[in-house]
Amino acid sequence: TTQSARFRDAAPVGCAFGAKLALMNVGLAGSSTAVHVALQATDVLWTAAFAWCVCDERIASWSAALALLGVGAGAGCVAWGQRLER
């Protein structure tokens, strides 16, 4: 595969991911750090969703399960940290 074909395939998802990250960082000013971290834990899900919708990319079910496990672990860590702060 040529470099331009790789770029063509990755550019839409990369741009969507970058825009989402920029919006989240702007939104950090209006939300708590815990909310921001919880949203950041969903990065892998947003990336997979855009890849599926825009590039018609499919992932293996074990990869999807690991992504969900990672999001759950991230949310659990945030919840645990909030519990310890109180």
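The coordinates are above.
Residues numbered from 1 in each chain as written. Predicted model: local features only at pLDDT ≥ 70, side-chain atom pairs only at ≥ 80, totals over all residues. Heavy atoms only, no water.

Regarding the environment of A10
Position of A10 relative to the elements: it lies in helix α1 (residues 3-27). By relative accessible area, A10 is classed as partly exposed at 46%. Sequence spacing of A10 and V54 is 44 residues, and the spatial spacing of their C-alpha atoms is 10.0 Å. (Helix = DSSP H or I, 4+ residues; strand = E, 2+ residues; numbered from the N terminus. Buried < 20%, exposed > 50% of the residue type's maximum accessible area, 1.4 Å probe, protein only.)

Looking at the pattern of salt bridges
If charged atoms from side chains of opposite charge come close, those side chains can pair. Summed over all chains, the structure comprises one salt bridge. Note that D56 is salt-bridged to R58, the shortest N-O span being 3.0 Å. Of the two residues, D56 and R58, both sit in the exposed class. (Salt bridge = Lys/Arg side-chain N within 4 Å of Asp/Glu carboxyl O.)

As for the packing of α1 against helix α2 (residues 33-40)
Helix-helix packing: each pair is described by the crossing angle between the helix axes and the interaxial distance. In contact at an axis separation of 10 Å, α1 and α2 are set at 170 degrees when each is read in the N-to-C sense. As far as their axial angle goes, α2 and α1 are roughly antiparallel. Taken together, the residues of α2 that come into contact with α1 (itself represented by K20, L21, M24 and N25) are H36, L39 and Q40. Residue composition of the contact of α1 with α2, by class: three nonpolar, three polar and one charged. (Axes fitted to C-alpha atoms, helices over the stretch in contact; angles between N-to-C directions. Parallel < 35°, antiparallel > 145°, perpendicular 65-115°, else oblique. Contact = heavy atoms within 4.5 Å. Nonpolar A, V, L, I, M, F, W, Y, C, P; charged D, E, K, R; others polar.)

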